[in-house]
Structure formats: C-alpha cells, structure tokens
Amino acid sequence: TALVTPNEAGLPGMYQAVQDAGKTIAKDFSIVSLASQQRAERLFPTLTSMDFPTAQMGKLAVEILVKTLNGKTKKPIQKMLKSGLIVRQSTGPLPL
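Residues numbered from 1 in each chain as written. Predicted model: local features only at pLDDT ≥ 70, side-chain atom pairs only at ≥ 80, totals over all residues. Heavy atoms only, no water.

### Structural notes on the sheet that holds strand E2 (residues 30-33)
The pairing of strands in a sheet comes from backbone hydrogen bonds and takes either a parallel or an antiparallel form. Filter applied, for reference: For two strands to be treated as a pair, DSSP must find at least two bridges joining them. Helix and strand assignments come from DSSP, with helices taken as H or I runs of at least 4 residues and strands as E runs of at least 2, each series counted from the N terminus. Where helices are involved, their axes are fitted lines through C-alpha atoms of the stretch in contact, as for all axes, and angles between N-to-C directions lie from 0 to 180°.
One open sheet accounts for 4 strands, arranged E1-E2-E3-E4; its pairing is mixed. At either end of the open sheet lies a strand with only one pairing partner, and these are strand E1 (2-5) and strand E4 (84-86). In this sheet, adjacent strand axes meet at a mean angle of 25° when their direction is disregarded. Bridging between E1 and E2 involves 4 bridges; their strand directions are parallel. Looking across to E2, one finds that Val4 is bridged to Val32.

Have a look at this one:
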C-alpha cells in the first residue's frame, strides 16, 4: 500500500498515523511525496520523492508566455520534460 502526498504539509500526519496503527513505513506502507525535496533527507525514514526540473519548467513557462503575448504562437504548446524518482527509505518492495 502506498500513500502519496502532493506536498509536504501532510507528511507529519502520515508518518504518525502509520506509527499509531502499529505499522512500519516501507514494510507495511510506502510513502512518496510529489514535492518535498527540502524535507526528504531530514525525515526518518528518509522520504522517497519525485524530482521535477523546476528551473527548466519556469524558464519554458516564461518563453511560452512571451511568445503568446507577442502573438508568435496561437496553438497550444506542449513540452515533455524528464522527471525522476529519488528512492529513499520510505518505500519498500512489493509484498509477495
């Protein structure tokens, strides 16, 4: 079973709820954050999290906005950027 959070606001509650239920993070529940790089290394167990190219995303957003405002594009622009998963101690293997 995996618990996924979009941000770090719910992390303390998730960690505590798993422990209060007498369960173990990574063994009984995996926890993954979509946006928690700053806190990931300080939690115990350390948090598995997504790694998004936020600087590149911001740069592309500005470029697209400028093109749109200058009338250089009228069609929607779609860009694919690579993201990654940083596996740490908060995830475990699938149960057999």
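### As for the nonpolar core
Put simply, the rule is: Buried residues of nine kinds, namely Ala, Val, Leu, Ile, Met, Phe, Trp, Tyr and Cys, make up a nonpolar core once their side-chain atoms join them within 4.5 Å. A 1.4 Å probe rolled over the protein chains alone gives each residue an accessible area, and that area as a share of the maximum for its type sets the label: buried under 20%, exposed over 50%, partly exposed in between. By definition in these notes, contact holds between two residues if any of their heavy atoms fall within 4.5 Å.
Listed in full, the 9 residues of the largest apolar core are Leu11, Met14, Tyr15, Val18, Ile25, Ile31, Ala40, Leu43 and Leu47. With 4 residues, helix H1 (residues 11-20) is the single largest residue contributor to this core. Those residues in contact with Ile31, other than ones at most four positions away along the chain, are Leu3, Leu11, Met14, Tyr15, Val18, Ile25, Leu47, Thr48, Ser90 and Thr91.

### Structural notes on a nonpolar patch on the surface
Applied cut-off: Here a patch means residues that are over 30% exposed by relative accessible area and free of salt bridges, tied together within 9 Å if like-charged and within 5 Å if nonpolar (Val, Leu, Ile, Met, Phe, Trp, Tyr). Working definition of accessibility: Shrake-Rupley area with a 1.4 Å probe, residue cover restricted to the visible protein chains. Throughout this description, the term salt bridge denotes a Lys or Arg side-chain nitrogen within 4 Å of a carboxyl oxygen of Asp or Glu.
A cluster of nonpolar residues, Val4, Leu34, Phe52, Met57 and Leu81, forms a patch on the protein surface that exposes about 390 Å² of accessible area. Inspection of the secondary structure assignment puts Leu81 in the loop between helix H3 (54-69) and E4.

### Observations regarding the confidence of the model for the chain
Applied cut-off: A score from 0 to 100, pLDDT tells how confident the predictor is in each residue.
The predicted model of the chain has a mean per-residue pLDDT of 90, with 99% of residues at 70 or higher. Mean pLDDT across the elements of the chain bottoms out in helix H2 (residues 37-40) (76) and peaks in H3 (94).

### Some words on the pattern of salt bridges
Note on pairing: side chains with opposite charge can pair once their charged atoms come close. If you walk through the whole model with that rule in mind, you get 1 salt bridge. Of the charged contacts, one joins Glu41 and Arg88 as a salt bridge, the two residues approaching to 2.9 Å between their closest N and O atoms. Residue Glu41 is found in the loop between H2 and strand E3 (48-51), and its partner Arg88 is found in the segment after E4; the two are separated by 47 residues along the sequence. On the basis of relative accessibility, which here comes to 54%, the residue Glu41 falls in the exposed class.

### Focus: unusual backbone geometry
The omega torsion of the bond from Phe44 to Pro45 falls at -5°, within 30 degrees of zero and hence cis. The phi dihedral of Ala26 falls on the positive side, at around 85°, and the residue is not glycine. Summarising the element assignment, Ala26 is placed in the loop between H1 and E2.

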